[in-house]
Amino acid sequence: MKTQLVKIEEERINPGAIEKAGEIIKAGGLVAFPTETVYGLGGDALNPASSKKIYAAKGRPSDNPLIVHIAEMEDLSRIVRRIPEAACRLARWYWPGPLTMIFEKADCIPRETTGGLETVAVRMPSNRIARALIRAAGGYIAAPSANRSGRPSPTVARYVIEDLDGRVDMIIDGGEAQIGLESTIIDLTEDTPVILRPGYITEEALKEVLESVDTDAALMESGTDKPPKAPGMKYRHYAPKGNLTIVEGQPGQVIEYINEQIRKHKKAGRKTGVIATDETAGSYYADSIKNAGQRQDEAQIASCIFRILREFDDEGIEVIYAEGFDSQGLGCAIMNRLLKAAGHQVIRLPEEDEIKD
Ligand code: TXA
Ligand code: MG
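Residues numbered from 1 in each chain as written. Chains lettered and ligands numbered in written order. Predicted model: local features only at pLDDT ≥ 70, side-chain atom pairs only at ≥ 80, totals over all residues. Heavy atoms only, no water.

Summarise the pattern of salt bridges; cite the residues concerned and give the values.
Two side chains carrying opposite charge are able to pair once their charged atoms lie near each other. Under the counting rule described, the total for this entry stands at 22 salt bridges. For Arg 81, the salt bridge goes to Asp 107, with nearest N and O atoms at 3.4 Å. With Arg 81 in the loop between helix 3 (76-79) and helix 4 (85-94) and Asp 107 in the loop between strand 5 (99-104) and strand 6 (119-123), this pair connects stretches of sequence that are 26 residues apart. You can call Asp 107 exposed: its relative accessible area is 65%. Among the charged side chains, a network of salt bridges with common partners joins Glu 176, Lys 290, Arg 307, Glu 311 and Glu 315. (Salt bridge = Lys/Arg side-chain N within 4 Å of Asp/Glu carboxyl O. Helix = DSSP H or I, 4+ residues; strand = E, 2+ residues; numbered from the N terminus. Buried < 20%, exposed > 50% of the residue type's maximum accessible area, 1.4 Å probe, protein only.)

Account for helix 6 (residues 157-164), naming residues and giving values.
Taken as a whole, helix 6 has its buried residues at Ala 157, Tyr 159, Val 160, Asp 163 and Leu 164. The buried residues of helix 6 occupy one face: seen down the axis, they fall within an arc of 160 degrees. Looking at the buried positions of helix 6, the neighbouring elements they touch are strand 2 (31-33), strand 3 (40-44), helix 2 (48-58), strand 8 (170-173) and helix 9 (298-314). Backbone geometry just after helix 6 places Gly 166 at a positive phi near 85 degrees. (Arc of directions from axis to C-beta. Contact = heavy atoms within 4.5 Å.)

Please give an account of the packing of aromatic side chains that cites residues and values.
This model, assessed by the stated rule, comprises two aromatic pairs. When the centroid spacing of 6.1 Å and the interplanar angle of 55 degrees are considered together, the rings of Trp 93 and Tyr 94 count as tilted. Relative accessible area serves as the criterion here: at 51%, Trp 93 is assigned to the exposed category. Here Tyr 238 and Phe 306 contribute two aromatic rings whose centre-to-centre distance is 5.0 Å and whose plane-to-plane angle is 35 degrees, an arrangement assigned as tilted. Taken together, the residues Tyr 238 in the loop between strand 11 (214-215) and strand 12 (243-248) and Phe 306 in helix 9 connect sequence positions 68 residues apart. For the pair Tyr 238 and Phe 306, one class covers both residues: buried. (Phe/Tyr/Trp six-rings, centres within 6.5 Å; stacked < 30°, edge-to-face > 60°.)

Here it is as structure tokens:
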């Protein structure tokens, strides 16, 4: 398949280009497009054949449901059985934006879109290109992140092209995704809402609107008995080609430990990389040092983590070390993605006084 590449600026949307992209989706084709979180791989959510094509293009297991993207609040009631009060409140605060809500699905949503589930995930993105495309496509676009299954989610069109060129009808290049991490997912089909995937809208932010919120216990751990409730969270994800390890401990110790490992790997002829911060980037000896920004600027760190993982691949880095981050607030989403990317390989250095004891 020949993939058309179209550039659109969010501030100056070309209606002709959007019209054309909408026609492709209405006709059962696939269009990759920008959102404020990451790029999406879109097809008509009401067309089972389109959803099947999405799974095939991504190489994704078909039991892993897709998120349905809408542009207008009125469009929600057509695809869900009921809208709980909590959902109305959340929508008022956080839609359009990086929040996905799970509802009981209406009959018009095919099982192919929901991976066989009776529930449906819905999000109203804020990116203007995404919203214009959703309208032009008839109102409902099913879209997973626009990466091949298992790879880091793309935050720029270059990486969408790398993964999907020749597998979709069109790729819209709308510049860099601002948030850089996928949406927060919250399940509203239980009595108490449950966070299934942490994201830019933090637990603290959700608690400002809801009385109580639970978090799926399987999220930050590996090897728990219970499978995660979002089927996608059980798969190896976001993985760079190199072997990634997260190192946690006092900053000085972390630097020392990582440099020691790097020395060994370099001696063995391996190319090394480190994910560091403003505070530490000057202290490492690796072949490639990526500065994710200031430690307290979590939004900045979140926005570049997937890009950094992809860049290591571009540079052929074989062994990667990342400093650990605090898992409060937005740090929870950052660590969730890093842990998955690392296949839960974490080194926890003992504190200095623990060693003395
Ligand atoms: O920010 C985002 O959410 C991006 C952009 C493109 O909107 N999309 C995205 O989609 O991250 P995807 O397919 O990569 O991740 C969707 C996650 C998966 O883990 C999937 O299992 C979960 O949502 N999910 C979808 N429908 C679900 C449902 N009915 N119940 C539980 N989990 C669901
Ligand atoms: Mg994904």
